[in-house]
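Residue-level structural notes
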Amino acid sequence: MHNPIDADHINILPSHGEVLLYPTFFDPEESDSYFNYLKEDVSWMQEPVILFGKRVMQPRLTAFFGDKGMEYSYAGLKMKALEWSLPLLKIKEKLEAKCEHQFNVCLLNYYRDGQDYMGWHRDNEHSLGEFPVIASVSFGATRIFQFRDYKEKMPVISLELDHGSLVLMKRQTQQYWEHRLTKTTFQVGPRINLTFRLVHLK
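Residues numbered from 1 in each chain as written. Predicted model: local features only at pLDDT ≥ 70, side-chain atom pairs only at ≥ 80, totals over all residues. Heavy atoms only, no water.

What to know about helix H1 (residues 28-41)
A rise of 1.5 Å per residue sets the reference length of H1, with its 14 residues, at 20 Å; its end C-alpha atoms lie 20 Å apart and thus fit the reference within 8%. Within the span of H1, buried status applies to Ser 31, Tyr 34, Phe 35, Tyr 37 and Leu 38. All buried residues of H1 fall inside an arc of 165 degrees around its axis, so they share one side. With respect to the buried face of H1, the exposed residues turned more than 90 degrees away are Pro 28, Glu 29, Glu 40 and Asp 41. Where H1 is buried, its residues contact helix H2 (86-99), strand E10 (105-111), strand E12 (134-140) and strand E17 (191-197). (Helix = DSSP H or I, 4+ residues; strand = E, 2+ residues; numbered from the N terminus. Expected span 1.5 Å × (residues − 1). Buried < 20%, exposed > 50% of the residue type's maximum accessible area, 1.4 Å probe, protein only. Arc of directions from axis to C-beta. Contact = heavy atoms within 4.5 Å.)

Printed below as a string of structure tokens:
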């Protein structure tokens, strides 16, 4: 099912979209440095969202950075971007060079342990455009990330996202596939995920 593309990444989807996994996009020293900065220096918040008509607290901590005046909304939550920090700008610059795509915001998720998670969803908000390009970077503990066909709910494709890895979602991925970060009963350390996006303001 995994189709090799070149030496440093693979496409994990069998059809209708493109998800490229770069297992070692950042080297261990870079990854450690970024993880420590993000854990200690970012002002993390736990905010409520609307799920199935109910107001619930997100099972993770979040932060949102971006260009001046940028906003992003999902599940009833509207976020205003904080000013880019130097470490985030360095990460963004490296991603834009590799992906050949510009990003203007970054949504950060802090999974404190195995009980923090992200449910099945698609990043298909109108503000992201028809075929959004999303670069998802992971630092910290290895966690299981899954994709499944949005309509059929099968197949379920699982991959381990390691410290310093990059997942690049492109083309029709958000139309045909949904994804999640699963809970786990195993003892795992904290994980921080950064998703860089291009938001189009009205």
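A look at the sheet that holds strand E16 (residues 177-181)
Strand order in this open sheet of four strands is E11-E16-E13-E14, and the pairing throughout is antiparallel. Of all strands in the sheet, those with a lone pairing partner are strand E11 (118-121) and strand E14 (156-161), marking the two edges. The average undirected angle you get between the axes of adjacent strands in this sheet is 15 degrees. Here E11 runs beside E16; their pairing, made up of two bridges, is antiparallel. (Pairing = 2+ DSSP bridges. Axes fitted to C-alpha atoms, helices over the stretch in contact; angles between N-to-C directions.)

Some points on the UniProt feature "domain: Fe2OG dioxygenase" (unreviewed entry) in the chain
Taking the numbering used here, the UniProt-annotated feature "domain: Fe2OG dioxygenase" (unreviewed entry) corresponds to residues 102-200. In the segment residues 102-200, helix accounts for 4% and strand for 49%; the C-alpha atoms at its two ends are 12 Å apart. (UniProt positions renumbered as here; feature names shortened; annotations may be inferred.)

With respect to the state of the cysteines
By definition, a disulfide links the sulfur atoms of two cysteines through a covalent bond. In the structure shown here, the tally under the stated rule is zero disulfides. For Cys 106, which is in no disulfide, the shortest distance to another cysteine sulfur is to Cys 99 and amounts to 12 Å. (Disulfide = S-S within 2.5 Å.)

Overview of H2
In this model, H2 (14 residues) spans 20 Å end to end at C-alpha, consistent with the 20 Å of a helix rising 1.5 Å per residue. Restricting attention to buried positions, one finds in H2 the residues Leu 88, Ile 91, Lys 92, Leu 95, Glu 96 and Cys 99. The arc that holds the buried residues of H2, viewed along the axis, is 130 degrees, so those residues lie on one side. More than 90 degrees from the buried face of H2, the exposed residues found are Leu 86, Glu 93 and Ala 97. Those residues of H2 that are buried lie in contact with H1, strand E6 (61-66), E12, strand E15 (165-170) and E17. At the C-terminal side of H2, Glu 100 shows a positive phi close to 55 degrees.

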